[in-house]
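Here is what each chain is made of, one letter per residue.
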Amino acid sequence: MSVTDGMGNPNRGHALAVDRVRHTYGQGQAAFEALGEISFEVPAGSVACIVGESGCGKSTLMRIMAGLIRPSDGTVSVRGTPIDGVPENMAMVFQDYGRSLFPWLRIRQNVEFPLKHLDRATRRERAAEALESVGLTGHEGKYPWELSGGMQQRVAIARALAVNPRILLMDEPFASVDAQTRAGLEDLLLEIHADLGITVVLVTHDIDESVYLADRVIALGKSPGTVLEMIDIDLSRPRDQLATKEHPDFLAHRHRVYQLLHSSNG
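What you see is a predicted model, and the numbers here were worked out from it, not measured in a lab. (Residues numbered from 1 in each chain as written. Predicted model: local features only at pLDDT ≥ 70, side-chain atom pairs only at ≥ 80, totals over all residues. Heavy atoms only, no water.)

1. Considerations on the sheet that holds strand S7 (residues 167-171)
Convention followed: Two strands qualify as a pair provided that DSSP identifies no fewer than 2 bridges between them. The numbering of helices and of strands both runs from the N terminus, where a helix is a DSSP run of H or I of at least 4 residues and a strand a run of E of at least 2. Working convention: axes come from line fits to C-alpha atoms, limited for helices to the stretch in contact. Angles between N-to-C directions cover 0 to 180 degrees. Contacts between residues were defined by any pair of non-hydrogen atoms, one from each residue, lying within 4.5 Å.
On the basis of which strands lie adjacent, the open sheet formed by 6 strands has the order S6-S7-S8-S3-S9-S10 and mixed pairing. Looking at the sheet topology across the chains shown, the edges are occupied by strand S6 (90-93) and strand S10 (227-232). Between one strand axis and the next, the sheet turns by 15° as a mean value, whatever way the strands run. Relative to strand S9 (residues 216-220), strand S3 (residues 47-51) runs parallel, the two sharing 4 bridges. Residue pairing for S9: Ala-48 is matched across the bridge by Arg-216. Taken strand by strand, helix H6 (residues 179-196) contacts S3, S7 and strand S8 (199-204), and its axis lies near 160° from that of S8.

2. A word on the pattern of salt bridges
Opposite charge on two side chains allows them to pair when their charged atoms are near. Note the following rule: Should a side-chain nitrogen of Lys or Arg be within 4 Å of a carboxyl oxygen of Asp or Glu, the pair is scored as a salt bridge. Each residue is assigned to one of three classes by its accessible area relative to the maximum for its type, calculated with a 1.4 Å probe on protein chains only: buried under 20%, partly exposed between the two thresholds, exposed over 50%.
For the structure shown, the criterion picks out 16 salt bridges. In this structure, Arg-22 and Glu-33 form a salt bridge, with 3.5 Å as the shortest nitrogen-oxygen distance. With Arg-22 in strand S1 (residues 14-25) and Glu-33 in strand S2 (residues 32-43), this residue pair connects regions lying 11 residues apart in the sequence. On the accessibility criterion, Glu-33 (34% relative accessible area) is partly exposed. For Asp-96, the salt bridge is made with Arg-99, and the minimal N-O distance between the two is 3.4 Å. Judged by relative accessible area, Asp-96 falls into the partly exposed class, the value being 35%. Linked through salt bridges whose partners overlap, the residues forming this network are Arg-108, Glu-112, Arg-123 and Arg-124.

3. Quick word on the packing of helix H5 (residues 149-161) against H6
Rules: The labels follow the angle: roughly parallel below 35 degrees, roughly antiparallel above 145, roughly perpendicular from 65 to 115, and oblique for the rest. Left-handed describes a crossing in which the near helix is turned anticlockwise from the far one by less than a right angle; the clockwise case is right-handed.
Put simply, H5 and H6 touch, their axes get as near as 11 Å, and they point 20° apart. The angle between the axes of H5 and H6 places the two elements in the roughly parallel class. Crossing of H5 over H6 shows right-handed handedness. Here Gly-150, Gln-153, Arg-154, Ile-157 and Leu-161 of H5 come into contact with H6, specifically with Thr-181, Gly-184, Leu-185, Leu-188, Ile-192 and Leu-196.

4. Concerning the state of the cysteines
Just so we agree on the cut-off: Working definition: a disulfide is two cysteine sulfur atoms within 2.5 Å of each other.
Scanning the entire structure with this criterion turns up 0 disulfides. You can see Cys-49 has no disulfide; the closest cysteine sulfur is in Cys-56, sitting 13 Å from it. Judged by its relative accessible area of 2%, Cys-56 is buried.

5. Digging into the side chain of Arg-216
Formally: We define a polar contact as two N or O atoms separated by no more than 3.5 Å, with the added condition that, inside protein, one atom must be a possible hydrogen donor and the other a possible acceptor, whereas residues neighbouring each other in sequence contribute only through side-chain atom pairs.
Turning to its location among the elements, Arg-216 is positioned in strand S9. Of note is the side chain of Arg-216, whose polar atom sits 2.8 Å from the side chain of Asp-232.

6. Section: a nonpolar patch on the surface
Where we set the bar: What makes a patch is a set of residues exposed beyond 30% relative accessible area and free of salt bridges, joined within 9 Å when like-charged and within 5 Å when nonpolar (Val, Leu, Ile, Met, Phe, Trp, Tyr). Here the open area of atoms and residues is found with the Shrake-Rupley method and a 1.4 Å probe, where only the protein chains shown may cover a residue.
Together, Leu-68, Val-86 and Phe-94 line one region of the surface with nonpolar side chains, adding up to about 270 Å² of accessible area. Turning to its location among the elements, Leu-68 is positioned in the loop between helix H1 (58-65) and strand S4 (73-78). Judged by its relative accessible area of 46%, Leu-68 falls in the partly exposed class.

7. Some thoughts on H5
A turn of α-helix holds 3.6 residues, and therefore any two residues three or four places apart point the same way. For clarity, the cut-off: By this rule the span expected of a helix is its residue count minus one, scaled by 1.5 Å.
Here H5 contains 13 residues, and its C-alpha end-to-end distance of 19 Å stays within 8% of the 18 Å for a straight helix at 1.5 Å per residue. Of all the 13 residues making up H5, 10 are buried; the element is thus mostly covered by neighbouring parts of the structure. Within the span of H5, buried status applies to Gly-150, Gln-152, Gln-153, Val-155, Ala-156, Ile-157, Ala-158, Arg-159, Ala-160 and Leu-161. The inward-facing, buried residues of H5 contact S6, helix H2 (97-100), helix H3 (107-112), helix H4 (120-133), S7 and H6.

8. Concerning unusual backbone geometry
Look at the link from Ser-223 to Pro-224: it is a cis peptide, with omega at -5°. Within the secondary structure, Pro-224 is located in the loop between S9 and S10. Look at the link from Arg-237 to Pro-238: it is a cis peptide, with omega at 0°. Tracing the sequence through the fold places Pro-238 in the loop between S10 and helix H8 (243-246). Within the chain, Arg-20 stands out as a residue other than glycine whose phi angle is a positive 50°. The topology assignment puts Arg-20 in strand S1. With a phi angle near 55°, Asn-164 is a residue other than glycine that sits in the positive phi range. By relative accessible area, which is 43% here, Asn-164 ends up partly exposed.

9. Quick look at the packing of aromatic side chains
Worth spelling out the cut-off: Only centres within 6.5 Å qualify two rings of Phe, Tyr or Trp (six-membered ring in Trp) as a pair; their planes then separate them into stacked at under 30 degrees, edge-to-face at over 60, and tilted for everything else. Distance and angle both matter: a charge sits over a ring if NZ of Lys or CZ of Arg is within 6 Å of the ring centre and within 35 degrees of the ring normal.
Applying the stated criterion to the full structure yields 3 aromatic pairs. An angle of 50° between the planes, with centres 4.6 Å apart, marks the rings of Phe-102 and Phe-113 as tilted. Taken together, the residues span a long stretch of sequence, with Phe-102 in the loop between H2 and H3 and Phe-113 in the loop between H3 and H4 at a distance of 11 residues. Its relative accessible area of 22% is what places Phe-102 among the partly exposed residues. When its relative accessible area of 35% is taken as the criterion, Phe-113 is described as partly exposed. Taking the centre distance of 5.5 Å and the plane angle of 5° together, the rings of Tyr-143 and Trp-145 count as stacked. The exposure class assigned to Trp-145 is exposed, which follows from its relative accessible area of 57%. The aromatic ring of Tyr-212 is capped on one face by Lys-245, whose charged end is 5.0 Å from the ring centroid.

And the structure:
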C-alpha cells in the first residue's frame, strides 16, 4: 500500500528514520536491555503511533529520537542526517503536564519560554498564534493551576508549537486526563496536524488511540522492545470519534494490533 503524508498527498520522503537502534541501561550484571534492535521510518507529514505495553521501552525510544539520550547502538536520522543532540525543528510534549509547565509563570510566559532568543514582539506573536491553535485565546494571563488538566496539556502543546517544529514528538500526552478530555485532545491533535502538516510521532499504550490517530502504527513487543509489525492505517480523514471507531476497517486494525501485543505478552 502506498503511504501518504497524512493529508492524502503522496509520500514526500522520510522525516525521521530509526536504524538498528538498541539501548541498555547499566553495565555488567546490573545491565538492563530496554530496547532490542529497532528500525522504522516515519513519512514526512504523517502521524505515526508507537504502541506497546508498559515497560516495553517506548519512552526510552522517544527520548532517543528526541536526542535526549544516546542509544547504545544504531542511529536516528532526521531528513537523512544522523542526529547528535536535540535536533532543530523538533519539539516534544510529555505526559506529565503538571511537571512540564512552570506554575509561577502565566500561560503566555510558559508558551514564550523556549523563545527567549527572539525579540519580545516576535515572542508575543508566536505565543498568540500557538494559543489560538489550541483554543486557549483569552487565557494568556492565567496561571497553569487555574486551568483544568486538559487545558494545561493544551498549553504544553502550544509551547511545543510555538517553536514552529516540523516534527512533534509526544510521549503518552493524553494518559493523565479523563476519557472525554482525552477524546477532545485527540481531535485537537488531528486538527493541528491537518492545519500545519507537521510530522507527529506519538507514543501510547492505548490501542484505540493509536489506530484512530495514525497513518502508521508501530507495534512494540515486550522488553527488550522490538518492532513486531508496522501497520499502515488506511482510514480516511478527517476522522470522527464515533463514525471512525465504528468502521469495519478500524475494528480490523484494532484487532490486529491487539492480537500482536497479546501474542507478544503471552
